[in-house]
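# Examining the three-dimensional arrangement
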Amino acid sequence: MKSISDIPPSAFTEVFLSLNRLSGEDGFAAWHFKKGMQFGETEKWWEDGGNRTHPHEGVDFCFYMTDQGIRKSLAPGIFVPPLYDGKVVSVFDDLIGRTILLQHGIFDENNLQLYSLYGHVDPLPHIAGGAEVKYSGKIAAIADRALKKRPMPSHLHISTIWLSEGFPVESFHWGMENNPDVFFSDPLHVLYQDNRWKLSL
Ligand SMILES: [Zn+2]
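You'll find the protein entered in an unreviewed UniProt entry as Peptidase M23 domain-containing protein, with Candidatus Desulfobia pelagia given as the organism.

## Section: the overall build of the protein
Assigned secondary structure in the protein consists of 2 helices and 12 strands. Going from the N terminus to the C terminus, the protein shows its helices and strands as α-β-β-β-β-β-β-β-β-β-β-β-β-α. Taken over C-alpha atoms, the radius of gyration comes to 16 Å for the protein, in line with the 17 Å a tight globule of 201 residues would show. Projected onto its principal axes, the C-alpha positions of the protein cover 50 × 35 × 35 Å. Residue burial in the protein is summarised as follows: out of 201 residues, 51% are buried. Counting contacts in the protein only where the partners sit at least 6 residues apart, residues at least 24 apart contribute 62% of the total. Accessible surface, the protein as shown: approximately 9600 Å² in total, 50% of it carbon and sulfur.

## Comments concerning the sheet that holds strand E1 (residues 28-32)
Ordered in space as E1-E3-E4, the 3 strands form an open sheet in which the pairing is antiparallel. Each having just a single partner strand, E1 and strand E4 (71-73) make up the two edges of the open sheet. Shown here is a sheet whose adjacent strand axes are inclined to one another by a mean of 35°, direction ignored. Bridge count for E1 against strand E3 (residues 63-66) is 4 bridges, and the pairing is antiparallel. If you follow His32 over to E3, its bridge partner there is Phe63.

## Side note on the environment of Glu14
Note that Glu14 resides in helix H1 (residues 12-20). Remark: the alpha-carbon pair of Glu14 and Ala143, spanning 129 residues in sequence, is separated by 21 Å.

## A word on unusual backbone geometry
Although it is not a glycine, Asn111 sits at a positive phi angle of roughly 65°. Unlike most non-glycine residues, His120 shows phi in positive territory, near 70°. Locating His120 in the fold gives a position in strand E8 (residues 113-123). Residue His120 is classed as buried on the basis of its relative accessible area of 9%.

## Remarks on the side chain of Asp60
Note on placement: Asp60 falls in strand E2 (residues 59-61). On the basis of relative accessible area, Asp60 is assigned to the buried category, the value being 2%. A distance of 3.1 Å separates a polar atom in the side chain of Asp60 from a polar atom in the side chain of Arg52. If we ignore the near neighbours within four places in the chain, the residues touching Asp60 are Phe33, Met37, Trp45, Arg52, His155, Leu156 and His157.

## Examining the pairing of strand E11 (residues 156-163)
Residues in a regular strand project their side chains so that they alternate between the two faces of the sheet. With 8 of 8 residues buried, E11 is to be regarded as a mostly interior element. Across 3 bridges, the pairing between E2 and E11 is antiparallel. Across the sheet, residue Val59 finds its bridge partner in E11, namely Ile158. Here 7 bridges tie E8 to E11, and the two strands are oriented antiparallel to one another. By the bridge assignment for E11, Leu114 is matched with Trp162. Pairing of E11 with strand E12 (residues 183-185) involves 3 bridges; the strand directions are antiparallel. Note on E12: the bridge partner recorded for Thr160 is Ser185.

## Details of the nonpolar core
Counting residues in each nonpolar core, the largest one holds 46 residues, and the members touching the most others are Phe12, Trp31, Phe61, Val80, Tyr118, Ile139 and Leu156. Phe92, Leu101, Leu117 and Val182 belong to the second-largest nonpolar core, a separate cluster that totals 13 residues.

Parameters and conventions
Residues numbered from 1 in each chain as written. Predicted model: local features only at pLDDT ≥ 70, side-chain atom pairs only at ≥ 80, totals over all residues. Heavy atoms only, no water. Helix = DSSP H or I, 4+ residues; strand = E, 2+ residues; numbered from the N terminus. Rg over C-alpha atoms; globule rule 2.2 N^0.38 Å. Buried < 20%, exposed > 50% of the residue type's maximum accessible area, 1.4 Å probe, protein only. Contact = heavy atoms within 4.5 Å. Areas by Shrake-Rupley, 256 points an atom, 1.4 Å probe, with all protein chains shown as cover. Pairing = 2+ DSSP bridges. Axes fitted to C-alpha atoms, helices over the stretch in contact; angles between N-to-C directions. Polar contact = N/O pair within 3.5 Å; in protein donor to acceptor, adjacent residues only side chain to side chain. Core = buried A, V, L, I, M, F, W, Y, C linked by side-chain atoms within 4.5 Å.

The following block contains the structure:
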C-alpha cells in the first residue's frame, strides 16, 4: 500500500453530483456499498452471491442514499468525471462497456505515478489517447449493461493504480492484480480523505 498522505482529496463526488444534478431536494446523501463492492472484498454483490475470482481491485459505484433515506441506483447515461486533472493513456473494452485509463502526474514517495481506471462506461468522443482531462469535466457515461446481457447492474468501477516510470502503461489491461509491478490502492482513500462523504453501509 502506498502512502497518499500528501495527495489532495479528489473532488469526484462533488463534481459527480453537479454534473448529474443529484444534489437537489431528494438528493444524494451518501454512497451506498453492498458487501463486495469495496476494495479488497471477495464477494460478488450481484446475482445470488458467491465469491469473485480474486479480491476486488477497485470500488463499484452503483447505489446511493438520498437524504430521505431512500436507496437509488445509478442509471446508464449518468456522467462520470475523473478523480483529478490528467491525461488519457488508453481506452479499451471490458465486460459491460469500455474502460478508460488516465495518468495524473501525481507521484508518491517512491516516485510511482498515480493512474486511475474507470470501467463499464461509454467514453465521450473526445476521450482518446493523449487527450487532457479536467477534474471538473465529463469523461464518460455509465454504460448500459443490458446491451451486453450481463448479470450485474450497470455500475461504475474505479481503480487507483501506482506504476513506475518504466512500466509499459499502454499495455495495461484488466487482470493485472497479480502483477508485482502493479500497485492497486483503495480509491476511497482519496474520495473520503476530507471526510465529507461518509460511508453508508
Ligand atoms: Zn468492480
